[in-house]
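# Summary of structural features
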Amino acid sequence: MPPISTPTYRFPELESVRGIAAVVVLVHHCLLGFAPMLHGLVDKNPDSLLGTPFFAAINGTAAVVVFFVLSGFVLTYKAIRSQSIQLVLVQGLKRWPRLVGPVLVANMFVAILVMAGLTSYHHSAALLTESHWLDRMYIWAPSGLNEMANAASEGLFGAFFHGQAAYNTALWTMYYELWGSFLALGLALVAIFIPRKPIVWLLFVAAWTGATLVNPYFGCFVVGVGLAFFYASHSNLRIGGRATLAALCVVVLLAGYHEAFYGENLPVKFYSFLAPIAKEHALLLRVCVHSS
């Protein structure tokens, strides 16, 4: 088989977005563990950032949605732009192995900490910081060398096929990342095989509806493929400075949204007007807001 020749399509601005989102996730977890009253997501505090646009700077779940949309875009844009079926297939074959490596390393590192009894200190820290989120980590008794086997099993298979994330709660995203990627690549094939754009868009809408019914997070990948399909035909599109500033303001307002994880689990303060919609399907509303 001859080597696949693909043009280089680089998006440094997307790498910047990915980096910002990673920092937001890091700050999100740090504040949940060590400044829960400032964060406000799990523990109620009228003076917290939750319910204000400032929450956008620490809204880790909004950043996760950004990651999912970016995955749908980055995985499929080159293939759609170059109309390469081979590239789609290669991406599909590489996806699971590429995700496994970092997850396995992270899990094995945590397993070593659990075996050494070092994770027990987080309960003492939780008492000091009054973080209910931190106190729920690693609640099982260490089981010696079995921790290595358990962590390896979760890192290789459990996180991707069953959504397990006992050793690293942040890795709950890997289940959606793997299967959402396959969904995105399947839609890329649709975009390549079907020449009529209106039909492709109708199929994208149908795919988003079906994926969202399964779980709203899967819909993020469909949005990413839709953006890739659109940009592949409008690669010369440019947005002016004023429009960029306006878009940035909108992004901050949208990214600041999150329903509370206490009481009735409804949005508060600035976003409380969305409470009636959140009552119907809080996760769907949040994912739609953040993927917009």
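Before any of the text, the structure's been laid out above.
We now turn to the structure provided with this report. Along every chain, residues carry numbers that run from 1 in the direction the sequence is written. Given that the model is predicted, a residue must reach a pLDDT of at least 70 before its local features are reported, and side-chain atom pairs must reach 80 or more before they are shown or counted; all residues, however, enter totals for whole chains, interfaces and linings. The side-chain numbers reported here are obtained from all heavy atoms of the structure, hydrogens and water having been left aside.

### Overview of a nonpolar patch on the surface
Formally: Every patch collects residues that have over 30% relative accessible area and no salt bridge, joining them within 9 Å if they carry like charges and within 5 Å if they are nonpolar side chains (Val, Leu, Ile, Met, Phe, Trp, Tyr). In short, Shrake-Rupley with a 1.4 Å probe defines the accessible areas, and a residue's cover is counted only from the protein chains shown. The salt bridge definition used is simple: a Lys or Arg side-chain nitrogen within 4 Å of an Asp or Glu carboxyl oxygen. Secondary structure counts use DSSP, requiring at least four H or I residues in a row for a helix and at least two E residues in a row for a strand, with both numbered from the N terminus.
A contiguous nonpolar patch, built from Phe157, Phe161, Trp179 and Phe182 and spanning about 370 Å² of accessible area, is present on the exposed surface. Here tryptophan 179 lies in helix 8 (residues 173-193).

### So, the packing of aromatic side chains
For clarity, the cut-off: For this analysis, a ring pair means two rings from Phe, Tyr or Trp (six-membered ring only for Trp) whose centres lie within 6.5 Å, classed as stacked if their planes differ by under 30 degrees, edge-to-face if by over 60, and tilted for the remaining angles. Between buried and exposed lies partly exposed: a residue is buried under 20% and exposed over 50% of the maximum accessible area for its type, with that area taken using a 1.4 Å probe on protein chains only.
Here the structure, examined in full by the defined rule, presents 23 aromatic pairs. Pairing tyrosine 175 with tyrosine 176 gives two aromatic rings, centres 5.3 Å apart and planes at 90°, and the pair type is edge-to-face. Residue class for tyrosine 175 comes out partly exposed when judged on its relative accessible area of 27%. Geometrically, the ring pair formed by tyrosine 257 and tyrosine 271 is edge-to-face, given 5.8 Å between the ring centres and 75° between the ring planes. Note that tyrosine 257 is positioned in the loop between helix 11 (241-255) and helix 12 (275-280) and tyrosine 271 in the loop between helix 11 and helix 12, a separation of 14 residues in sequence. Take tyrosine 257: its relative accessible area is 0%, and that puts it in the buried class. An aromatic cluster is present here, built from Phe68, Trp172, Tyr175, Tyr176, Tyr217, Phe218 and Phe221 joined pairwise through their rings.

### Remarks on the packing of helix 3 (residues 60-82) against helix 8
How we decide: All axes here are fitted lines through C-alpha atoms, helices being fitted over the stretch that makes contact, and every angle between N-to-C directions spans 0 to 180 degrees. Two helices that cross are described as forming a left-handed crossing if the nearer one is turned anticlockwise from the farther one by less than a right angle, and a right-handed crossing if clockwise. Whether two residues touch is decided by their heavy atoms; if any such pair falls within 4.5 Å, the residues are in contact. In this classification, the charged set is Asp, Glu, Lys and Arg, the nonpolar set is Ala, Val, Leu, Ile, Met, Phe, Trp, Tyr, Cys and Pro, and all remaining amino acids, among them Gly, are polar.
Where helix 3 contacts helix 8, the axes come no closer than 9 Å and their chain directions differ by 35°. Judged by the twist between their axes, the crossing of helix 3 over helix 8 is right-handed. On helix 8, the residues that touch Val64, Phe68, Ser71, Gly72, Leu75, Thr76, Ala79 and Ile80 of helix 3 are Thr173, Tyr176, Glu177, Ser181, Ala184, Leu185, Ala188, Ala191 and Ile192. Looking at the contact of helix 3 with helix 8, its residues break down into eleven nonpolar, five polar and one charged.

### Re the side chain of histidine 258
For clarity, the cut-off: For this analysis, a polar contact is any N or O atom pair within 3.5 Å, provided that within protein one partner can donate a hydrogen and the other can accept it, and provided that sequence-adjacent residues contribute only side-chain to side-chain pairs.
Note on placement: histidine 258 falls in the loop between helix 11 and helix 12. According to the relative accessible area criterion, histidine 258 is buried, its value standing at 1%. Polar side-chain contacts of histidine 258 include one of 3.0 Å to the side chain of threonine 61. Beyond its immediate stretch of four places on either side in the chain, histidine 258 contacts Leu41, Leu50, Phe55, Asn59, Thr61, Pro267 and Arg286.

### As for a positive patch on the surface
The criterion, for reference: When charges are counted, neither His nor the chain ends are considered; positive counts come from Lys and Arg and negative counts from Asp and Glu. In plain terms, the charge of a residue is placed at NZ if it is Lys, CZ if Arg, CG if Asp and CD if Glu.
On the surface, Arg10, Lys78, Lys94 and Arg98 cluster together into a patch of positive charge. With respect to the element layout, arginine 10 can be found in the segment before helix 1 (12-34). Looking at arginine 10, the relative accessible area reads 69%, which means it is exposed.

### Concerning helix 10 (residues 216-233)
Keep this limit in mind: What a helix should span is 1.5 Å times the count of its residues minus one.
Relative to the 26 Å expected for 18 residues at 1.5 Å per residue, helix 10 spans 27 Å between its end C-alpha atoms, a close match to the ideal helical length. Of all 18 residues in helix 10, 13 are buried; the element is thus mostly enclosed. Backbone nitrogen of tyrosine 217 and a side-chain oxygen of the N-cap are separated by 2.9 Å at the start of helix 10; the cap is asparagine 215.

### Regarding the environment of leucine 189
With respect to the helices, strands and loops of the structure, leucine 189 is situated in helix 8. Along the sequence, leucine 189 and glutamate 177 sit twelve residues apart, while their C-alpha atoms lie 18 Å from each other. The residues touching leucine 189, leaving out its near neighbours within four places in the chain, are Ile85 and Val88.

### A short note on the pattern of salt bridges
Scanning all chains against the criterion turns up three salt bridges. Glutamate 177 serves as the salt-bridge partner of arginine 95, at 2.7 Å between the closest nitrogen and oxygen. Placement of arginine 95 in helix 4 (residues 85-115) and of glutamate 177 in helix 8 is noted, with a sequence separation of 82 residues between them. Assessed through its relative accessible area of 13%, arginine 95 is described here as buried. Residue arginine 286 is joined to glutamate 259 by a salt bridge in which the shortest nitrogen-to-oxygen separation is 2.8 Å. Pair noted here: arginine 286 is in helix 13 (residues 282-291) and glutamate 259 is in the loop between helix 11 and helix 12, with a separation of 27 residues, a long-range link. Neither arginine 286 nor glutamate 259 differs from the other in exposure class; each is buried.

### Notes on the packing of helix 10 against helix 13
The condition is simple: Orientation categories follow fixed angle ranges, with anything under 35 degrees roughly parallel, anything over 145 roughly antiparallel, 65 to 115 roughly perpendicular, and all other angles oblique.
The geometry of helix 10 relative to helix 13 is characterised by a closest axis approach of 9 Å and an angle of 20° between their N-to-C directions. The orientation of helix 10 with respect to helix 13, classified from their angle, is roughly parallel. Crossing hand, helix 10 versus helix 13: right-handed. Residues Pro216, Tyr217, Cys220 and Val223 of helix 10 form the contact with helix 13, whose participating residues are Leu283, Leu284, Arg286, Val287 and Ser291. Residue composition of the contact of helix 10 with helix 13, by class: seven nonpolar, one polar and one charged.

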